[in-house]
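# Fold and contact review
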Amino acid sequence: MTTKYMAAAAMAVLLFLSPAHAQSTADLLQKGIHAQETLGDVDGAIQIFRQVAASASSNKLLAAQAQYQLVVCMLQKGDRSAANQELQLLARNFPEDADLVGKARKLVPGGTETLPEPWGESEVAQLNIKRDGQSTGEYLVYSVDHNHPDPRQGYRQPDFPQALVLRWELNTKTTNRSLLIEADRDTMQPVGKRHKMESNDDLGDPTAIPFKGPAIDNEESVFLMRRLPLAVGYKTKLPVTAEQVVPSQLELTVTSIEPVQTPAGKFNCYKISFAAIGQTFWIGAEASRPLVKFQSGNVEAELVKVWGAEDGTESALAFLPAAGWFVNMDPGPGPVRTGSFGLPEMGGYANVWMRKIYTPSAEIAATLREALDDYIRQRQRDADPSDFYDVKVRPESIQPRLIGGKQALSCILDYMDRQGNRTDKKSEYLVWIRTESTFVKFSIHTDRNGVGVKRWQFDPVVATAKIP
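Our subject in this report is the structure included herewith. (Residues numbered from 1 in each chain as written. Predicted model: local features only at pLDDT ≥ 70, side-chain atom pairs only at ≥ 80, totals over all residues. Heavy atoms only, no water.)

### Structural notes on the overall build of the protein
In terms of helices and strands, the protein carries 10 helices and 19 strands. When each of the 468 residues of the protein is scored for burial, the buried share is 48%. Counting contacts in the protein only where the partners sit at least 6 residues apart, residues at least 24 apart contribute 53% of the total. Here the protein has roughly 23100 Å² of accessible surface; of this, 53% comes from carbon and sulfur atoms. (Helix = DSSP H or I, 4+ residues; strand = E, 2+ residues; numbered from the N terminus. Buried < 20%, exposed > 50% of the residue type's maximum accessible area, 1.4 Å probe, protein only. Contact = heavy atoms within 4.5 Å. Areas by Shrake-Rupley, 256 points an atom, 1.4 Å probe, with all protein chains shown as cover.)

Listed below in structure tokens is the structure:
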């Protein structure tokens, strides 16, 4: 038999066998669908569909359909996590069947394929804002925490212990806005009723407009983007509420991979475009995949600092219990911790406020004074004649200091405190310490004639502070 004849015979055999093989795979697929839909034997159907899905090399069309049916089966079993895993396999192994992938994504709640969480137990990231290329002193903060029992409620388990607590914060010259939600760890979709929005710009703030869009929406899209299977050319749609009641599906596209230099370091980043709203995000391509840069028109924000699971509160305030003083800090997600401190016999009350925030060393002195001026204005703005009023700072009390080698500022505020029919003269002694990564404020309220004693008690103790 000649080589030519042997090749022709082999081709004839292949042509003869292929339809039969395709038919048997098709029959197997129909058998699985019959078991699933008619007999109600979902587990038996799953075994059949896995067999068909494994035959992708011989009939990719039928294998894709079987993989789709696996998504449906997992949803029938009520296993949303498994359904999402099967969806990921469908998108990864059969990307050419976009219609089928899209159909499956509509079935799975939060069906956008997600990778494992790139952050650890918790994370806080700060991005500083520039306008027309110039630094503004404004910043964005993103934080993520796992949902833990709350000591304030007797360590009662949260309603959704497997949820993530996501927080977004924007600080401009006239705005402080924040959004906190609980999100399902697998789908990144909101769960429960723990949605908290705060804003102090009663009349609106035009400088906040560039940050509407994926930066502020019900799904906290920046966190979701960090878990997408990004690659050059990758496209998907995310539900975004940008000045809308009903989320709209906005398409994102990964246009390239670019190196980006920021104060936090140099990163290779996926460049992600939301063309419909003119916003661009740069997400790190390695490790924890942080949001490295954001741009909207003439406004951009770049990463300056990332904090991990380390809290830092206990070490920063260790000088207080070492001196015999009590410290009681409230738990909570995000970059801020608040609490109380003092001696049982101290009288009055004392507060501590601590925040993770990045400040270049050259700017610390100026930001301390700006923070003081902002605090005075806030106290004066919040004054209520039925509660307290006539808030004034003693100019001669404003003292720049060094505490534990760190820049600090102290001052005294005087105000009138109304308790029923009685009005008392009160004072507030403030000591603020700021480092490159931490800002701590100590506040002691007392009667006007007692402020000297409180300073006498507190100053030797705070002088031993070692704030990181």
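### Section: the packing of aromatic side chains
This structure, assessed with the given rule, holds 15 aromatic pairs. Taking 5.8 Å as the distance between ring centres and 75° as the angle between the ring planes, the aromatic pair formed by Phe274 and Phe281 counts as edge-to-face. The side chain of Lys293 reaches across the aromatic face of Trp282, ending 4.8 Å from its centre. Above the plane of the ring of Tyr415 lies Arg379, whose end atom (NZ or CZ) is 5.0 Å from the centre. (Phe/Tyr/Trp six-rings, centres within 6.5 Å; stacked < 30°, edge-to-face > 60°. Lys NZ or Arg CZ within 6 Å of the ring centre and 35° of its normal.)

### Re the environment of Gln67
Relative to the assigned elements, Gln67 resides in helix H3 (residues 60–76). C-alpha separation for the pair Gln67 and Leu100, spaced 33 residues apart in sequence, amounts to 9.7 Å. Apart from the residues lying within four places of it in its own chain, the contact partners of Gln67 are Ala53, Glu86, Leu89, Leu90 and Phe94.

### Regarding the pattern of salt bridges
With the rule as written, the count across this model stands at 20 salt bridges. The partner of Arg226 in a salt bridge is Glu123, with the nearest N and O atoms 2.8 Å apart. One end of the pair, Arg226, is in the loop between helix H6 (221–225) and strand S6 (235–240); the other, Glu123, is in strand S1 (residues 122–131), and 103 residues separate them in sequence. A single burial state applies to Arg226 and to Glu123, both of which are buried. Its salt-bridge partner being Glu169, residue Arg167 comes within 2.7 Å of it at the nearest N-O pair. When sorted by exposure, Arg167 lands in the same class as Glu169, which is buried. (Salt bridge = Lys/Arg side-chain N within 4 Å of Asp/Glu carboxyl O.)

### Description of the pairing of strand S10 (residues 291–296)
A large share of S10 lies buried, amounting to five of its six residues. Examined bridge by bridge, strand S9 (residues 279–284) and S10 share five bridges and lie antiparallel to one another. Note that in S10 the partner of Thr280 across the bridge is Gln295. Relative to strand S11 (residues 299–307), S10 runs antiparallel, the two being bridged by four bridges. Within the sheet, the bridge partner assigned to Gln295 lies in S11 and is Glu300. (Pairing = 2+ DSSP bridges.)

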